[in-house]
Amino acid sequence: MQLSESARAVFAVLAASSTATRPQLATGARLSKPTVSSAVAELEAAGLAARSGTLNGGTGRSAAVYDLGLAAGAVLAVDLGPSVTRVRVCALDGTLLAEGTGLRADTVDVVADALSGLSAGAPLRAIVVAVGDVTVQSLEGAAVRPATAKAGPIFDALAVALPPGVPVHVENNVNCAALAELHEGAARGRDTFGYLRIGVGIGLGVVIGGQVLRGANGAAGEVARLPYPWDADREPRHEGLEAHIGAGSLLRRAADAWRGVDDPCPDTVDGLFALADAGHTTALAVVGRHAADVGRLAAAATAVLDPGLIVLGGAVGSKPRLLPGVRAELARLSWPTEVVSSALGDSGTVVGASRLAVARGIQTVTGGAAMKH
């Protein structure tokens, strides 16, 4: 689809505002009213814009109101979590059209269900898949790292199930969650912060000046690679810090601490934190030690970035019980830095992936350059 430059500009403004009058489109696109009229007519002819009503002004004049047309289409966001897949289908103005959740093994079915409600004639414009690894710009013909390679069979299955020719983009899940916290979560109004995810694995999303920092290798924030342990008697192990702070290690420490305790040891993170919230002495001690470890990791990130704000997320990191211990340890080791829990919880990654997918979808329609995030 070849659109004129003015039509591309007007479409981008319409997608950002969801609905708009021609004067509003002219202001947003910084174009003259006659140019906007021609652009709107071009978009209407292509099915990318549609008149949806009339806005009556105070002087008795009325203005036509425009929405995105059916041909603008939709985008798909897929969060491939360690065990659970979350998907969202959105219009190019960000409106949520469908969503679904299921086991990772059922990813194709979850995606198919979410896409089944798309109107006939509404094309799928872009797909963003969030994975727990260093990522590349697109799925096609690019080298991948081990965790992404493990998801290969799911990618292959999706390729068969999805309409052909739809651009597929891969992004790190922590970066997606950081983007969501920036625009819709705990970091709204802050253009520099760190999103620290603590769960099965660990990761840091770095936002500076309102943009997610990816680094020369796409590996910015891969705090699992921080040397650990680091002392005179022990050599650092590959991703040893993640092995120490990840949820599996937390539960193993809980099992060790429970020796000689009459109560049964919890076998899930939720169970452990529930006992801590209830005042169980052993659970409180285990959680307190873990909070200190997370606080030390936050201090390491703060020493490099000085972000001013750390947002804690992930299955473990988002637990409010961690906050006092993390704040205390960070304050002991570094300079004042605000620490808060994620406002989006488990949905953060798919929300951020949706924002990226919308931006990619608009880019597909307009043929514009890749947008920064």
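Residues numbered from 1 in each chain as written. Predicted model: local features only at pLDDT ≥ 70, side-chain atom pairs only at ≥ 80, totals over all residues. Heavy atoms only, no water.

- Going by an unreviewed UniProt entry, the protein chain carries the name ROK family protein and comes from Streptomyces phaeolivaceus.

**As for the sheet that holds strand β11 (residues 211–212)**
Phase 1: Taken in spatial order, the five strands line up as β11-β10-β9-β12-β13 in an open sheet, and their pairing is mixed. Strands at the two margins of the open sheet, each flanked by one partner only, are β11 and β13 (338–341).
Phase 2: Alignment of strand β9 (residues 193–198) against strand β12 (residues 309–313), held across four bridges, turns out to be parallel. Across the sheet, residue G194 finds its bridge partner in β12, namely I310.
Phase 3: Of the strands in this sheet, β9, β10 (202–208), β11 and β12 touch helix α7 (residues 173–184), which is tilted by about 130° from β9.
Phase 4: Taken strand by strand, helix α11 (residues 281–305) contacts β9, β10 and β12, and its axis lies near 150° from that of β9. (Pairing = 2+ DSSP bridges. Helix = DSSP H or I, 4+ residues; strand = E, 2+ residues; numbered from the N terminus. Contact = heavy atoms within 4.5 Å. Axes fitted to C-alpha atoms, helices over the stretch in contact; angles between N-to-C directions.)

**Focus on the pairing of strand β5 (residues 84–91)**
Phase 1: Most of β5 sits out of view: six of its eight residues are buried.
Phase 2: In this structure, the hairpin formed by strand β4 (residues 74–80) and β5 is closed by a connection of three residues.
Phase 3: Of the strand pairs in this sheet, β5 and strand β6 (residues 96–103) are connected by seven bridges, and their pairing is antiparallel. Residue R86 lies in a different strand from β6, and its bridge partner there is T101.
Phase 4: Joining the antiparallel neighbours β5 and β6 is a turn of four residues, in which G94 adopts a positive phi near 90°. (Buried < 20%, exposed > 50% of the residue type's maximum accessible area, 1.4 Å probe, protein only.)

**Thoughts on the environment of A180**
Phase 1: Checked against the element boundaries, A180 lands in helix α7.
Phase 2: Those residues within four positions of A180 in sequence are excluded, and the remaining contacts are G185, L344, G348, V351 and G352.

**Focus on the nonpolar core**
Phase 1: In terms of nonpolar packing, the biggest core is built from 50 residues, with V10, F11, L25, L43, L48 and F193 touching the most fellow members.
Phase 2: Ranked by the residues each element gives to this core, the list is headed by helix α14 (residues 348–366), at seven residues.
Phase 3: Discounting chain neighbours no more than four positions away, the residues touching L43 are L3, A7, V10, F11, L48 and A49.
Phase 4: Residues I198, A291, V294 and L312 belong to the second largest nonpolar core, which totals 34 residues. (Core = buried A, V, L, I, M, F, W, Y, C linked by side-chain atoms within 4.5 Å.)

**With respect to the packing of helix α9 (residues 247–257) against helix α10 (residues 269–277)**
Phase 1: Their axes nearest at 10 Å, the elements α9 and α10 cross at an angle of 55°. As summarised for this structure, α9 and α10 are arranged oblique, according to the angle between their axes. Crossing angle aside, the handedness with which α9 passes α10 is left-handed. For the pair α9 and α10, the contacting residues are A247, L250, L251 and A254 in the first and V269, L272 and F273 in the second.
Phase 2: For the contact of α9 with α10, a count of residues per class yields seven nonpolar, no polar and no charged. (Parallel < 35°, antiparallel > 145°, perpendicular 65-115°, else oblique. Left-handed = near helix turned anticlockwise from the far one by under 90°. Nonpolar A, V, L, I, M, F, W, Y, C, P; charged D, E, K, R; others polar.)

**A closer look at the packing of helix α1 (residues 5–17) against helix α3 (residues 33–45)**
Phase 1: Their axes nearest at 8 Å, the elements α1 and α3 cross at an angle of 80°. Classified by the angle between their axes, α1 and α3 sit roughly perpendicular to one another. Two secondary-structure elements touch here, α1 through S6, A7, V10 and F11 and α3 through T35, V36, A39, V40, E42 and L43.

**Some remarks on empty space enclosed by the protein**
Phase 1: For the structure shown, the criterion picks out one cavity of 30 Å³ or more.
Phase 2: Here the largest cavity defines a volume of roughly 40 Å³.
Phase 3: The wall of the largest cavity is formed by N172, V174, N175, G203, L204, G218, A220, G221 and E222.
Phase 4: For the lining of the largest cavity, the secondary-structure elements that each account for two or more residues are α7 and β10.
Phase 5: Split by residue class, the lining of the largest cavity holds three nonpolar, five polar and one charged. (1 Å grid on protein atoms, 1.4 Å probe; cavity = no way out; pocket = protein on both sides within 12 Å on 5 of 7 lines; lining within 4 Å. Points joined across faces, edges and corners; volume = space filled by probe spheres on them.)

**Structural notes on the domain arrangement of the protein chain**
Phase 1: Looking at the assigned domains, one finds that the protein chain contains domain 1 (5–71), domain 2 (73–176 + 349–366) and domain 3 (188–343).
Phase 2: Listed per partner, the contact involves nine residues of domain 2 and twelve residues of domain 3.
Phase 3: Buried area between domain 2 and domain 3, summed over both chains or domains, comes out near 850 Å², and the portion from carbon and sulfur atoms is 46%.
Phase 4: Put simply, domain 2 and domain 3 have one salt bridge between them.
Phase 5: A salt bridge links E171 to R214, with the shortest nitrogen-to-oxygen separation between them at 2.5 Å.
Phase 6: Linking domain 2 with domain 3 are two residue pairs in polar contact (both at pLDDT 80 or more), by the criterion used here.
Phase 7: For the side of domain 2 that touches domain 3, the secondary-structure elements that each account for two or more residues are β8 (168–172) and α7.
Phase 8: Sort the elements by how many residues they give to the side of domain 2 that touches domain 3 and α7 lands first, with three residues.
Phase 9: A per-class count over the side of domain 2 that touches domain 3 returns two nonpolar, five polar and two charged. (Domains from an automatic or database assignment. Buried area = accessible area lost by both parts, 1.4 Å probe. Salt bridge = Lys/Arg side-chain N within 4 Å of Asp/Glu carboxyl O. Polar contact = N/O pair within 3.5 Å; in protein donor to acceptor, adjacent residues only side chain to side chain.)

**Structural notes on the pattern of salt bridges**
Phase 1: Overall, the coordinates contain 13 salt bridges when judged by the stated rule.
Phase 2: With its nearest N and O atoms 3.6 Å apart, the salt bridge here joins D346 to R86. Residue D346 is located in the loop between β13 and α14, and its partner R86 is located in strand β5; the two are separated by 260 residues in the primary sequence.
Phase 3: Notably, a salt bridge pairs R234 with D231, separated by 3.2 Å at the nearest N-O pair.
Phase 4: Given a relative accessible area of 46%, R234 falls into the partly exposed group.
Phase 5: On the accessibility criterion, D231 (35% relative accessible area) is partly exposed.
Phase 6: Linked by salt bridges that have partners in common, D293, R296, E329 and R332 make up one network.

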